[in-house]
Amino acid sequence: MRVATWNINNVVRRLDLLVDWLGRTQPDVVALQELKAPSAAFPRDALEAAGYGALVVGQPTWNGVALLARGREPLPVATALPGDAEDKEARYVEAAIHGVLFASLYLPNGNPQPGPKFDYKLRWFERLRLRAQALWASGQPVILLGDWNVVPTDEDIYKPDTWRDDALLQPGPREAFAKILAQGWTDALRSVHPSERPFTFWDYRRKRWERNAGLRIDHILVGRGFTIDDAGVDREERGRANASDHAPVWAEVRQGRPPRVTRRRKPPGGAPDAPGLPRRA
DNA sequence: ATGTCACCCCTCGGGTGA
């Protein structure tokens, strides 16, 4: 099963790019963020024509999240993150698809920090931690996808010092992300590419795409009971005309343990391990 | 310091958010 997350940065303006990418890569489940459209304006018909059912939580102008499922309708589970009835921002949706619980989340950016927006980010992260803990404890198969608006470590950005005061690099959000990972989740992209710098976002400003001055802030956290066969970033989507400032992140996952692999002895000369060995989530 | 993009409206340009 191929799952993916993409901060589309306005689903109406980016519809042609989205439909084209869906047709080429055929993901089974897609989490979208920053729809920047009310639910009624979501291009439901075009996505249905492309073969996808959708569960949408939109709002005018800002935020907005959705889950797409190829060849079926997502079964709604939640349309808001629990823990604050006053929070009306469209940043969280959960649905069951193929017997797996999926969440599409759009964490608050938090800039400028310090300030009320950063406080909101930390409160939202704490609510997410509690929700993730409850989902993990349920024993169900769960995958959390989204724009987490956190650069987990200094290895996840081209040059941390120019962003040191940004909300995306602060210790508080980083600790919150680490706490969720410590519940047992696997960061799919990091686990498949442990020594690379797979960025997922390049700011429109200062020719950051042209310079590969990127950040890794879009994450797929895989719950218990899955094997992650592969994961990656569809970087070419960021290079297209009229692109979002984020590229899609995807993972190939499979329920169940990895097959028993007879490991060959390492050949002399220190050659690296064979690629593509499955990882247990 | 900005730098881009795209939205909004007390709307054709400045404010806002990312």
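Residues numbered from 1 in each chain as written. Chains lettered and ligands numbered in written order. Predicted model: local features only at pLDDT ≥ 70, side-chain atom pairs only at ≥ 80, totals over all residues. Heavy atoms only, no water.

The name that an unreviewed UniProt entry assigns to chain A is Exodeoxyribonuclease III, with the source organism given as Aquincola agrisoli. In UniProt, chain A has this text filed under Sequence similarities (unreviewed entry): "Belongs to the DNA repair enzymes AP/ExoA family." (UniProt positions renumbered as here; feature names shortened; annotations may be inferred.)

Caption draft 1: Here's a closer look at the overall build of chain A. The helix and strand tally for chain A stands at five helices and 13 strands. Its C-alpha radius of gyration of 18 Å places chain A within 12% of the 19 Å reference for a compact globule of 281 residues. Principal-axis analysis of the C-alpha atoms gives chain A an extent of 60 × 45 × 40 Å. Within chain A, the proportion of its 281 residues that are buried is 53%. Considering only residue pairs separated by 6 or more positions, chain A has 69% of its internal contacts joining residues 24 or more positions apart. With the model as given, the accessible surface of chain A reaches about 13000 Å², and the carbon-plus-sulfur share is 51%. For chain A, the distance from the average site of its 41 positive side-chain charges to the average site of its 35 negative ones is 5 Å. (Helix = DSSP H or I, 4+ residues; strand = E, 2+ residues; numbered from the N terminus. Rg over C-alpha atoms; globule rule 2.2 N^0.38 Å. Buried < 20%, exposed > 50% of the residue type's maximum accessible area, 1.4 Å probe, protein only. Contact = heavy atoms within 4.5 Å. Areas by Shrake-Rupley, 256 points an atom, 1.4 Å probe, with all protein chains shown as cover. Lys, Arg positive; Asp, Glu negative; His and termini not counted. Charge placed at Lys NZ, Arg CZ, Asp CG, Glu CD.)

Caption draft 2: Broad picture of the UniProt feature "binding site: Mg(2+)" (unreviewed entry) in chain A. Under the UniProt annotation, "binding site: Mg(2+)" (unreviewed entry) lies at Asn7, Glu34, Asp147, Asn149, Asp245 and His246. Taken along the chain, the residues just named run across 240 residues; in space they keep tight, none of their C-alpha pairs more than 13.1 Å apart. Summarising the element assignment, Asn7 is placed in strand E1 (residues 2-7). Residues within four places of Asn7 in sequence aside, it is in contact with Gln33, Glu34, Tyr106, Asp147, Asp218, Ser244 and His246. Overall, the relative accessible area of 1% leaves Asp147 in the buried class. Contacts of Asp147, omitting those with residues within four sequence positions, involve Asn7, Gln33, Leu105, Tyr106, Leu107, Ile217, Asp218 and His246. Within the structure, Asp147 has its side chain in polar contact with the side chain of Asn7 (distance 2.9 Å). (Polar contact = N/O pair within 3.5 Å; in protein donor to acceptor, adjacent residues only side chain to side chain.)

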